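A structural walkthrough
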Amino acid sequence: SAVISQKPSRDICQRGTSLTIQCQVDSQVTMMFWYRQQPGQSLTLIATANQGSEATYESGFVIDKFPISRPNLTFSTLTVSNMSPEDSSIYLCSVEGGGRPDTQYFGPGTRLTVL
Amino acid sequence: EDKVVQSPLSLVVHEGDTVTLNCSYEVTNFRSLLWYKQEKKAPTFLFMLTSSGIEKKSGRLSSILDKKELFSILNITATQTGDSAIYLCAVATYSGAGSYQLTFGKGTKLSVIP
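Residues numbered from 1 in each chain as written. Chains lettered and ligands numbered in written order. Predicted model: local features only at pLDDT ≥ 70, side-chain atom pairs only at ≥ 80, totals over all residues. Heavy atoms only, no water.

1. Overview of the packing of aromatic side chains
Residues and elements named next belong to chain A. Inspection of the entire model under this criterion finds ten aromatic pairs over all chains. Residues Tyr35 and Phe106 carry aromatic rings whose centres are separated by 5.4 Å and whose planes lie at 55° to one another, so their mutual orientation is tilted. Within this pair, whereas Tyr35 is found in strand E4 (residues 31–37), its partner Phe106 is found in strand E10 (residues 100–106), the two being separated by 71 residues in sequence. For the pair shown, Tyr35 and Phe106 are each scored as buried. Aromatic pair Phe61 and Phe66: ring centres 5.6 Å apart, planes at 65°, arrangement edge-to-face. The two residues Phe61 and Phe66 agree in class, both being buried. (Phe/Tyr/Trp six-rings, centres within 6.5 Å; stacked < 30°, edge-to-face > 60°. Helix = DSSP H or I, 4+ residues; strand = E, 2+ residues; numbered from the N terminus. Buried < 20%, exposed > 50% of the residue type's maximum accessible area, 1.4 Å probe, protein only.)

2. Description of the interface of chain B and chain A
With 19 residues of chain B at the contact, the number on the chain A side is 24 residues. Contact between chain B and chain A buries roughly 1,800 Å² in total, counting both sides, with carbon and sulfur atoms accounting for 54%. Applying the counting rule to chain B against chain A returns zero salt bridges. Viewed at the interface, chain A and chain B are joined by eight residue pairs in polar contact (both at pLDDT 80 or more). Elements represented by at least two residues in the side of chain B that touches chain A include exactly strand E4 (30–38), strand E5 (43–49), strand E9 (85–96) and strand E10 (99–104) of chain B. For the side of chain B that touches chain A, the residue count by class is eleven nonpolar, four polar and four charged. (Contact = heavy atoms within 4.5 Å. Buried area = accessible area lost by both parts, 1.4 Å probe. Salt bridge = Lys/Arg side-chain N within 4 Å of Asp/Glu carboxyl O. Polar contact = N/O pair within 3.5 Å; in protein donor to acceptor, adjacent residues only side chain to side chain. Nonpolar A, V, L, I, M, F, W, Y, C, P; charged D, E, K, R; others polar.)

3. What about the nonpolar core?
Of all hydrophobic cores here, the largest spans 45 residues; its most connected members are Tyr35 and Ile46 of chain A together with Phe104 of chain B. Ignoring anything within four residues of it in the chain, the contact list for Phe104 of chain B reads Tyr35, Ser42, Leu43 and Phe106 of chain A together with Val4, Tyr36, Leu88, Cys89 and Ala90 of chain B. Leu21, Phe47, Leu49 and Leu74 of chain B belong to the second largest nonpolar core, which has 21 residues in total. (Core = buried A, V, L, I, M, F, W, Y, C linked by side-chain atoms within 4.5 Å.)

4. Section: the environment of Val13 of chain B
All names here are of chain B. Note that Val13 resides in strand E2 (residues 10–14). When its relative accessible area of 9% is taken as the criterion, Val13 is described as buried. As a C-alpha pair, Val13 and Gln80 span 67 residues in sequence and 9.6 Å in three-dimensional space. Excluding residues within four positions of it along the chain, Val13 makes contact with Val19, Thr79, Leu110, Ser111, Val112 and Ile113.

5. With respect to the pattern of salt bridges
The full count for this structure, using the stated rule, is three salt bridges over all chains. For the salt bridge of Asp87 of chain A with Lys65 of chain A, the shortest nitrogen-to-oxygen distance reads 2.7 Å. Placement of Asp87 of chain A in the loop between strand E8 (75–80) and strand E9 (89–97) and of Lys65 of chain A in the loop between strand E6 (56–57) and strand E7 (68–72) is noted, with a sequence separation of 22 residues between them. By relative accessible area, Lys65 of chain A is classed as partly exposed at 21%. Salt-bridge contacts for Lys37 of chain B lead to Glu39 of chain B; the nearest nitrogen and oxygen are separated by 3.9 Å.

6. Quick word on the layout of surface pockets
Its boundaries defined by the atoms lining it, the largest pocket holds a volume of some 600 Å³. Lining the largest pocket are 22 residues, with Thr44 of chain A together with Glu1, Asp2, Thr103 and Phe104 of chain B positioned closest to its centre. Those elements giving two or more residues to the lining of the largest pocket turn out to be strand E5 (43–50) of chain A together with strand E1 (3–7) and E10 of chain B. Each residue belonging to the lining of the largest pocket can be placed in one class, and the counts come to eight nonpolar, nine polar and five charged. (1 Å grid on protein atoms, 1.4 Å probe; cavity = no way out; pocket = protein on both sides within 12 Å on 5 of 7 lines; lining within 4 Å. Points joined across faces, edges and corners; volume = space filled by probe spheres on them.)

See below:
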C-alpha cells in the first residue's frame, strides 16, 4: 500500500484564520480523498481530488470554505478557511490502494482545534 | 440516503474474550464492505468483502458478509490489549462514471482490559 504523510499532524488555531493541510503520497495516484471526522462522529467525505481537474465536493461542503489543490499525482492540499470552533476535527487524506479496488488507505491525519 | 449502522457503539472486554462487532447497511448500488481499525487518528485497512458467505481471515480477526440480510460481522478471538481501538465499517457504492464512494459507520469502540 502507498505511504502517505500529512502535515501538520496537529494545530491549534484562532477563529477566523485559515489552515492548509498537506498530503504527500510516495507513489502516483489518480484520486485522492479528503475526509473530516468530528469528535465522536464517523468519517465524512469532504471532496475527491483528481489531478488536473476541479475537486468534486460532497453535499454540505463548498469550495470557498475548503479549497483543494491537486498540482500533481503525489500531492494535494486542503485549506480550512475562516475557521470556527465547529471546524475542530481530524482531517484525513486517503488514496486508493495498490490494485485493490474500493480500498482506501489513509494518511496519519491532522488534528485541528479552533479556539 | 446511504446508511451504515454499527453496534454496539462501545464494548469493554477482558483479555482472552471473543468479541463480535456488527455492521448493517442500507445503501443503493452496493459494491463492497470494508472494515478498518482506528487507533489514534489514521484508520488502517483490515478487510474488504464483496461476496456473501465467504469468510475473510487474518490471524485472530475474521469477517463475513451477508448481502441478503445486509450486514457484516467482525470477529476477534482471544482479544489482546493491543486490539483496543475503534473499528469502522464502510460501504462502497457506485457513484457514477465508474467511480465509487465510501460511507462510514460511527464505529465500535473496543476496550480490552488486562
